Amino acid sequence: MAKTRRGRRVRKVLIHIALISFLGGAFYSCNTTKNLQQGERLYEGGKLKLKETESSKYKKELERDLEKVNKPKPNEKFAGMRLGLWANQKVKKEKAGFYAKWVNKRIGEEAVLLNQVNINTVQKLMKNRMENLGYFNSKINHEVFQKKKTGYIKYEISPGNRIHIDSIYYKKVGEQKVDSLILHYLEEENPIKENEPFSLQKLKDTRTNISDFFKKQGYYYFTSNNLIFEADTLSTDEQNEAIMGLRIKDDASELALVPFTIEEIHVFPKYSLDTSKGAKSADTTVLNDVEFIQSDIFFRPDRLYPYLFMQEGELYSPENESNTNKRLNSLKTYRFVNIRYQEDSLLENGIGQLTANIYLSPLSKRSFRSELQAVSKSNNFVGPTLNFEYLNRNLFKGGEALRLSTKVGYEAQLNGREINAGLNSIETGVTAELIIPRMVTPIPIEEKFRYSIPKTKFKLSYDLLNRSQWFNLNSFLAVYGFEWNPNIFVTHNLNPVSINYISVGNESEAFKTLKKDNPFLARSFEQQFIPGMSYSFQWSQLVRNIKRNRFFFSFNADFAGNALAVAQNIGGVKGDDKKFWGQSYAQFSRFDFDIRNYQNIGKESRLVSRAFVGVGLPYGNSVSLPYSKQYFSGGPNSVRAFRIRSLGPGNYQPQNRSDGTNFFDQAGDIKIEANVEYRFPLVSFLKGAIFTDAGNVWLKNEDGRNGQFTSNWINEMAIGSGIGLRLDIEFFVIRLDVATPIRKPSPDGFQWQDRFELGNKAWRQENINWNFGIGYPF
C-alpha cells in the first residue's frame, strides 16, 4: 500500500511538472507573438518533402545538404518556448529583469519573420546543392502557409535521377613527364571508381590530391586550378551515366608543368627589415654549399645547418620545407621564420631552378623577468610567490638557452574554509638550467632524432622549505636529460641521470614524536638520497581542437638506486641497508598511468573523465617510498570531497585530525583514482561544473595501520560529489569547488553516506569541503 501511495504521488508530481511546462511554453510563445507588428508572422521554418529518390542512403545525404541552405533558420525553441526571442524583446522594451538580461546575453536573438525569407534565393541554392551531387534535372515547388501570427514554407522537391560515373580517362597534354605522373596517380590511387555517384566535392578533392602529388615531385607552381574535369553524358550506353575526362587547362602556366630543383640556399641568421638593405655588405660563410649571410656571427653556421632539410640540387619538396620550418621554429632564439623562393628565368633541360632564401628574425638575446604569482598547489597550499628570472636565448651562438631563476614564497594550507597555521611555510630556491637544442651524448645519435626536435637539458637547483612548527627541508637536485617530439601529439622525456638529495633539519619535538610513533614514516624521511633515472611519455590530442572526442594519456616511470645497488653488489657490499658516502639511499620503481577523455557536448559544454593509477614498489634498501615520492589522496586535484591527505592508506583513520599529523602519515605506495566532471557555461567568463570523484591510497607493505593493498581494494574506494565555479579568462582559470562524501571510511569499514543534513552546522563542518585552485583539476 505504501509503495502504491508513493507511486501515485510521483505520478501526480510528474503531471504537475508537465502541465507547468506546457502552460509556461504556451505563455512564452504567446508573449513573443504579441510583440509583432501588424501583418508580421514568425517564421516556423522550411519543411522539406523529397520525392522519387533512388535510395534511402542518397536521400539522407541529400536532405543533409539541402538543410544547410534551408535558410533562414527559425527562432530556437526549448520545450516549446522561444526563450531567446522572448529575452531579446524584453531587453528592447527596457522591461528586462536579471533573468531576461542573462538569457538575452547567452541566447538572445532577433525575431525571424516569414516575409524575410527570399524564396527564389533558397530554391537556387537548393538546385545548386543538388547539381553538386549529380541531380541535374531537379524540380522544386513551394507553398506558403500562413497562420494568425506564424507561418512556414513547404518545399516539394523532385531531385530526379542521380548521375553515376561510368569511367574516367585522362586527356594527355603532350608533356611526357606530366602525362605519366597523372596516369600513374590515377592507376595507383583509383580516386574515382566506376559506378560511383557524381560528387563535385569528390572531384575537387581529387584535383587537390593530384596537386599535392605533383608538389612532392618538385612541381613548385602546380596547383589544383591547373586541372579540370569534364563530364560526357552522350557517349554512354546507359542513361544517367557520365564519362569523366580529366585534363590540364589550356591556360595553365608553362612553369606549372616544370619541376624545380633547389639551386642555391641563402640563410640570414639575424634578419630584420633594417639589416636587409645591407645584406650585400654582410659576411658570407659557405658550409656544404649553403650560404649563411650575417654581419657578425650571431648563430654559428655549423650549429644552424643541421636544422635545414633542403639541399642544393634536390627537387623542391614541401615536406622538406615544412620540416625545416618546424625545426627552426623549435629554436627559442627566433621570433619569425620565413622561407621564400626566387625562380631563375632560364630552364635547363626542362627543369627550373629555385633559390631558397631563409629569413630568421631573432628575439632579444637576453631578457630579465620578475613576477608576483598567486600559487595554488595540488596539496592545497596557496600563497604568493615572487620570482626573478634571467634568460639568455643564444648563450654559445648555437641556440643554447641559459635560464637562471630564484624564488621566495609564502604558503599556507587551506583545509576547507580554514587555514592550517601549523603547516604554513616559507620556500626559497635557486635554479640554473641549460637547454641545448640537440642531443648531447657520449655516442653520436643526433641523426636518429633529426625529425623529432630533440633537446638536452642540464639542471641544478637548491630549495629550502621552512615548514612552520615541524622542520626545515633542504633539497638539492641535479638532472641530465633529453626531450624530443616525434610529432605534435607525442612528447618523450628521458632523464638518465637524476640525483636528488634531501636533508631534514630543525625538527620540532612534535615531528620527532610523530616519527617515533610511525617507524615507516621515519624511514621514509631518513632515505632522502635518491639517485636514479626517469622516463615519461605523453600523447595528447588537446594541442588541436581536431574533433569532439579527444584523449590524453601519460606514462611516467621512475627508478632509483638500482644502478648503485648493482655496483655495490658487484663490489661485495651486502645487506638491505646499503649506504653511499655514509648516507642511506632509496631503492624503488614507480609507475604512473593517467588517461583522460574530453567529450565536447554542444558548443561550450564538455564531459571530462579521468583515470589514474600509480604504483610504487620499494625493495632492497627501502621498505616504503621516500616521503617526497609517496602518493596522497584528497584535495583540489584529487577526491575533492575530502581534505588534502585525509584519505588512506586503506581504511586508516588517525585519532586526531586537528593536529596536522595526517598531512604526513596519510600517504601510500599505491594510488587509484577516477573522476568525472561535466563543465558548462553560465555567463560570460563564468563556468559551472558538476563532478564525482573516487579514489584512495594504499601501502605495499603492512605497517600496522591496516593500509596494505589487497584484492579487496575496490571496497576501500572513497567517493564524493560536488559542484564548482570557474572564472575562465582564456589561459587563466580560478576555481572554487564544494563537495561532500558519498562513501567514506569509518571504524566499520567504508560506508555509504546515509544522511545529508545541510541545515546542521556540525554535519556541514564534517562533510562539506571547499577547494580553491588555479587551473582546471585535469
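Rules behind the numbers
Residues numbered from 1 in each chain as written. Predicted model: local features only at pLDDT ≥ 70, side-chain atom pairs only at ≥ 80, totals over all residues. Heavy atoms only, no water. Helix = DSSP H or I, 4+ residues; strand = E, 2+ residues; numbered from the N terminus. Buried < 20%, exposed > 50% of the residue type's maximum accessible area, 1.4 Å probe, protein only. Polar contact = N/O pair within 3.5 Å; in protein donor to acceptor, adjacent residues only side chain to side chain. Contact = heavy atoms within 4.5 Å. Salt bridge = Lys/Arg side-chain N within 4 Å of Asp/Glu carboxyl O. Pairing = 2+ DSSP bridges. Axes fitted to C-alpha atoms, helices over the stretch in contact; angles between N-to-C directions. 1 Å grid on protein atoms, 1.4 Å probe; cavity = no way out; pocket = protein on both sides within 12 Å on 5 of 7 lines; lining within 4 Å. Points joined across faces, edges and corners; volume = space filled by probe spheres on them. Nonpolar A, V, L, I, M, F, W, Y, C, P; charged D, E, K, R; others polar. Phe/Tyr/Trp six-rings, centres within 6.5 Å; stacked < 30°, edge-to-face > 60°. Lys NZ or Arg CZ within 6 Å of the ring centre and 35° of its normal. Parallel < 35°, antiparallel > 145°, perpendicular 65-115°, else oblique. Left-handed = near helix turned anticlockwise from the far one by under 90°. pLDDT = per-residue confidence, 0-100.

With that settled, consider the side chain of T324. On the secondary structure map, T324 appears in helix α10 (residues 318–330). Here T324 falls in the buried class, since its relative accessible area comes to 0%. Engagement of the side chain of T324 in a polar contact is seen with the backbone oxygen of N320, the distance being 2.8 Å. Leaving out residues up to four positions away in the same chain, T324 has contacts with Y307, L308, F309, M310, I339 and I358.

What the rule picks out here adds up to 33 salt bridges. Of the charged contacts in the structure, one is a salt bridge between R247 and E230, with a shortest N-O distance of 3.1 Å. Here R247 is found in strand β7 (residues 241–248), whereas its partner E230 is found in strand β6 (residues 227–232), with 17 residues between them in sequence. On the basis of relative accessibility, which here comes to 35%, the residue E230 falls in the partly exposed class. Salt-bridge contacts for R679 lead to E677; the nearest nitrogen and oxygen are separated by 2.5 Å. The pair formed by R679 and E677 is uniform in burial state, with each residue classed as buried. The structure contains a network of salt bridges with shared partners spanning R640, E677, R679, D693, R726, R735 and D737.

All right, on to the pairing of strand β17 (residues 455–467) then. Where β17 meets strand β18 (residues 471–487), 13 bridges bridge the pair, whose relative direction is antiparallel. Paired with S461 across the two strands is L477, which belongs to β18. The antiparallel pairing of β17 with β18 creates a hairpin that spans three residues between the two strands, and Q469 there sits at a positive phi of about 70 degrees.

Further remarks concern the sheet that holds strand β2 (residues 139–146). The strand order across the open sheet formed by three strands is β1-β3-β2, and the pairing between neighbours is mixed. Each edge of the open sheet carries a strand with a single partner, namely β1 (42–50) and β2. Going from strand to strand, the sheet's axes swing by 15 degrees on average, the running direction of each strand aside. Bridge count between β2 and strand β3 (residues 150–158): eight bridges; the pairing is antiparallel. Looking at β3, one finds that I140 is bridged to I157.

Counted according to the given criterion, the structure contains two cavities of 30 Å³ or more. The wall of the second largest cavity is formed by I262, M310, Q311, E314, L315, Y316, S317, N320 and Y341. Split into classes, the residues belonging to the lining of the second largest cavity amount to five nonpolar, three polar and one charged.

A complete count under the given rule lists 31 aromatic pairs for this structure. Between the aromatic rings of Y271 and Y359, the centroid separation amounts to 4.6 Å while the plane-to-plane angle is 50 degrees, which identifies the pairing as tilted. Linking Y271 in the loop between β8 (260–268) and α8 (273–276) with Y359 in strand β12 (residues 352–362), this pair joins segments that are 88 residues apart in sequence. The buried category is assigned to Y359, whose relative accessible area is 14%. Of the aromatic side chains, those joined through ring pairs into one cluster are Y185, F213, F214, Y219 and F222. The ring of F632 carries K671 above its face, with NZ or CZ at 5.7 Å from the centroid.

So, on to the packing of helix α3 (residues 83–92) against helix α4 (residues 98–107). At a minimum axis distance of 8 Å, the contact between α3 and α4 shows a crossing angle of 120 degrees. On the basis of the axis angle, α3 is oblique to α4. The hand of the α3/α4 crossing is left-handed. Residues L83, G84, W86, A87, N88, K90 and V91 of α3 touch α4, and the partners they reach there are Y99, A100, K101, V103, N104 and I107.

Attention now goes to unusual backbone geometry. With omega at 0 degrees, the peptide bond leading from K71 into P72 counts as cis. Within the element layout of this structure, P72 appears in the loop between α2 (56–69) and α3. With an omega dihedral of -5 degrees, the bond running from G648 to P649 counts as a cis peptide bond. Turning to its location among the elements, P649 is positioned in the loop between β25 (605–618) and α14 (662–665). The phi dihedral of N190 falls on the positive side, at around 45 degrees, and the residue is not glycine. Along the chain, N190 falls in the loop between α6 (176–189) and β5 (196–197). In this structure, D289 takes a positive phi of about 70 degrees despite not being glycine. Considering the arrangement of structural elements, one finds D289 in the loop between β9 (283–287) and β10 (290–294). Owing to a relative accessible area of 52%, D289 belongs among the exposed residues under this scheme.

For the α-helix, the turn length of 3.6 residues means that residues three or four positions removed from each other point alike. Summarising burial for α3: seven of the ten residues are buried, a large majority. Among the residues of α3, L83, G84, L85, W86, A87, N88 and Q89 are the ones counted as buried. Remark: E94 follows α3 within two positions and exhibits a positive phi of approximately 55 degrees.

With 88% of its residues at a pLDDT of 70 or more, the chain shows a mean pLDDT of 85. For the stretch residues 1–30, pLDDT sits under 50, and the model shows ten contacts to residues farther than four places along the chain or on other chains.

Attention now goes to the packing of α6 against helix α7 (residues 200–216). Interhelical geometry of α6 versus α7 gives an angle of 125 degrees and a closest axis separation of 11 Å. By the angle between their axes, α6 is oblique relative to α7. The element α6 and its partner α7 pack so that their crossing is right-handed. For the pair α6 and α7, contact is made by V178, L181, I182, H184 and Y185 and by N209, I210, F213 and F214, respectively. Within the contact of α6 with α7, the residues separate by chemical class into seven nonpolar, two polar and no charged.

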